[in-house]
Amino acid sequence: MESFTRQTGDGTSEEVDWRDALRSRLSRIDNSSGHSSSGSLAKESALRHEESRIIAALQTVRARINALLPITRLPPEIIYRIILYHSQIDHPFVDDDTRWATIGWIRSTHVCRRWRQIALAHSALWSRIPLSLASTCIKAFFDRAMSAPLRFGPDEPWSQDAEDIVAQNIHRAQLVQLDWSEINAPRTSLLHRMRDPAPFLEDFEFQDGSRDERTLSSNFLGGFAPRLRRLNLESRSRLPWSSPLLVNLTSLALKTSIAPDNLPVLSEVLDALERMHALESLTLEHGLPRADVSSPEDRIIHLPHLTSLDLTGSSPDCNNLIRHLNIPANAKVTIRMRYVHESATDFRTFFPIMRACLGVTASVIPVAGLYIILSPQSTSLTLMGWNNLTEDQYSTGRRRLRNSNFHFTWNFREREEDNDDREIVGLRLIICDAFATGHLKRLHVKDMGWERQHWKDLAQRAPNIRTISPTLGSEYELCHALCEDFASVGPQGDFMFPHLTSLQLVENISNRIPELSGVLPAVLAARWARLQTLQRAADSAVPPGDISNP
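In this text, all values refer to a predicted model and were calculated from it rather than measured experimentally.

Enquirer: Looking at this structure, I do not really get the overall build of the protein. What am I missing?
Expert: Secondary structure summary: the protein contains 15 helices and 23 strands in total. Looking at the protein as a whole, 44% of its 550 residues are labelled buried. A separation of at least 24 residues holds for 65% of the contacts in the protein among residues at least 6 apart in sequence.

Here it is, written out as structure tokens:
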């Protein structure tokens, strides 16, 4: 717009051009200033003042234009949510190596004046302290966070002052997620400097690269963190199991590698777990308790809310702990055991102990799906089991099942010369006995040593299997077992795996087994025809209760 309207003295209006008005103001400035040096300074000052007034006028006009945009008319709480989501995915930081910097979500405050005012009015937006920034920037975050609980981490490169900032403000922290194990992270005793009570702390996750084996004292976090619910500690610094910080936890993960003599005794761990009534997730890696003669053999700790159990250690240590636990049967269990040949307890005692841990009274573990992996190039056996079957999820070309309830891994050969095929064969038989049940409906076997007798034994114990996916050589033995069974019972007999509806074999497998190339397709076709006949008969049958009286 090049002109505007103003009121005259007699009540009429006249149109005035913006440029004429500006030209008039500039002329007055020129006429009021002389040619001396002092006059030039006064003229420059007047012109700069005029410039600031023009910029302020333009800002006012632009603010009015922005106010007409749809996004600017959003309620303040919606704009705050938009900035909040941005702050969670785009953190400001400075990379110490490349000196590459980004202001991240701070760009949201540059949208317009109203967005900046809304951002400054919400202290929670500034409560995540970017530890990689300069001290002046960190101070600005502290000032704008005001009294809001603070959050430190995750995924931060560290400044030199990072340790002091965290240690001195732990009393205000709500979340601490720091990985102090990186090469460029300071190798200091930050954990031992956290002595102040942490009344707001809810989530504490710390990975420490220090090699010092020390026990945290009772003044760690002042012994007072009543809101602490999640504790994940990966450090050689050990938290005593008697600490009051453990009582209210819902998730506990302790990952350490310490000398056997420094491991806690079983009674300490059981006493602590007994006090943790709300515990939902438990992870212990290489820090499992050592045997304690003072702990009664029949002592059982009930963890009714536990949904996830993850243990890593030797077979005696794993068995030593889980034999005293009782958890819900639908909990997700992940156990990585290193088989110790010299131990009195090995994988032969594991399944009975596991059944007791899950509160299963039957002689077998009731799972609906089982995944067995034993590669000849590997030194470990992996079992994954599910107690219910849901839809398949395909990811990167591999079939995975949701809701995994059991995940066992045995590193059963400590050294290559310890290889004993008899033990591996015995382990396969034990697997059949442990999981062969009427509940088992889906089976995936990736084991080259799965022999046809294993399949025949499994067919007798688990007749309700509907899907089998054999790979890595086990499919050859299964095909032989199916053909031998068909030859013995005939097309009208009771087949092994009578409910098998999906046999997922590799392509053209019949051509790869010369002795079965002309037999296997006919056997499978006869099986499917027989199964469909039985299914139609079952569908057409009328229940006795539905027959009306004449």
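Enquirer: Mind showing me how you'd approach the packing of aromatic side chains here?
Expert: Two measures describe an aromatic ring pair: the distance that separates the ring centres and the angle between the ring planes. If you walk through the whole model with that rule in mind, you get six aromatic pairs. A centroid spacing of 4.8 Å and a plane angle of 55 degrees characterise the contact between Trp 105 and Trp 126, whose relative ring orientation is tilted. With a gap of 21 residues between them, Trp 105 in the loop between strand 4 (101-102) and helix 4 (113-121) and Trp 126 in the loop between helix 4 and strand 5 (128-129) connect regions that are remote in the sequence. Between Phe 204 and Phe 220, the aromatic rings sit 5.9 Å apart at their centres with planes inclined by 80 degrees, giving edge-to-face as the arrangement. You can see Phe 204 sitting in strand 8 (residues 203-208) and its partner Phe 220 sitting in the loop between strand 8 and strand 9 (230-234), a full 16 residues away along the chain. Taken as a pair, Phe 204 and Phe 220 share a single burial class, namely buried. Members of the aromatic cluster, each reached through a chain of ring pairs, are Trp 105, Trp 126 and Phe 141. Note that Arg 144 overlies the ring of Trp 126, its terminal NZ or CZ placed 4.7 Å from the centroid.

Enquirer: How do you make sense of the nonpolar core when you look at a structure like this?
Expert: The nonpolar side chains of soluble globular proteins are, as a tendency, buried together. With 127 residues, the main nonpolar core has Phe 204, Phe 408, Trp 455 and Phe 497 as its most contacted residues. Apart from residues no more than four positions distant in its own chain, Phe 204 is found in contact with Val 176, Leu 191, Met 194, Phe 220, Leu 228, Arg 230, Leu 231, Asn 232 and Leu 233.

Enquirer: Looking at this structure, I do not really get the confidence of the model for the protein. What am I missing?
Expert: Caution applies to low-pLDDT parts of the model: their predicted coordinates are not meant to be read in detail. Across the protein, pLDDT averages 80, with 83% of residues at or above 70. When pLDDT is averaged over each helix and strand of the protein, the minimum, 38, is found for strand 18 (residues 392-395) and the maximum, 94, for strand 12 (residues 301-302). This model gives residues 414-419 a pLDDT under 50, and the stretch forms nine contacts once residues within four places in sequence are excluded. Within the model, the stretch residues 546-550 combines pLDDT values under 50 with one contact to residues more than four positions away or in other chains.

Enquirer: What exactly am I supposed to notice about the packing of helix 3 (residues 76-89) against helix 4 here?
Expert: Two numbers describe a pair of packed helices, the interaxial angle and the distance between the axes. Between helix 3 and helix 4, the shortest axis-to-axis distance is 10 Å and the interhelical angle comes to 80 degrees. On the basis of the axis angle, helix 3 is roughly perpendicular to helix 4. Here Pro 76, Ile 79, Tyr 80, Ile 82 and Ile 83 of helix 3 come into contact with helix 4, specifically with Arg 114, Trp 115, Ile 118 and Ala 119. Residue composition of the contact of helix 3 with helix 4, by class: eight nonpolar, no polar and one charged.

Here is what the cut-offs are and how they apply
Residues numbered from 1 in each chain as written. Predicted model: local features only at pLDDT ≥ 70, side-chain atom pairs only at ≥ 80, totals over all residues. Heavy atoms only, no water. Helix = DSSP H or I, 4+ residues; strand = E, 2+ residues; numbered from the N terminus. Buried < 20%, exposed > 50% of the residue type's maximum accessible area, 1.4 Å probe, protein only. Contact = heavy atoms within 4.5 Å. Phe/Tyr/Trp six-rings, centres within 6.5 Å; stacked < 30°, edge-to-face > 60°. Lys NZ or Arg CZ within 6 Å of the ring centre and 35° of its normal. Core = buried A, V, L, I, M, F, W, Y, C linked by side-chain atoms within 4.5 Å. pLDDT = per-residue confidence, 0-100. Axes fitted to C-alpha atoms, helices over the stretch in contact; angles between N-to-C directions. Parallel < 35°, antiparallel > 145°, perpendicular 65-115°, else oblique. Nonpolar A, V, L, I, M, F, W, Y, C, P; charged D, E, K, R; others polar.

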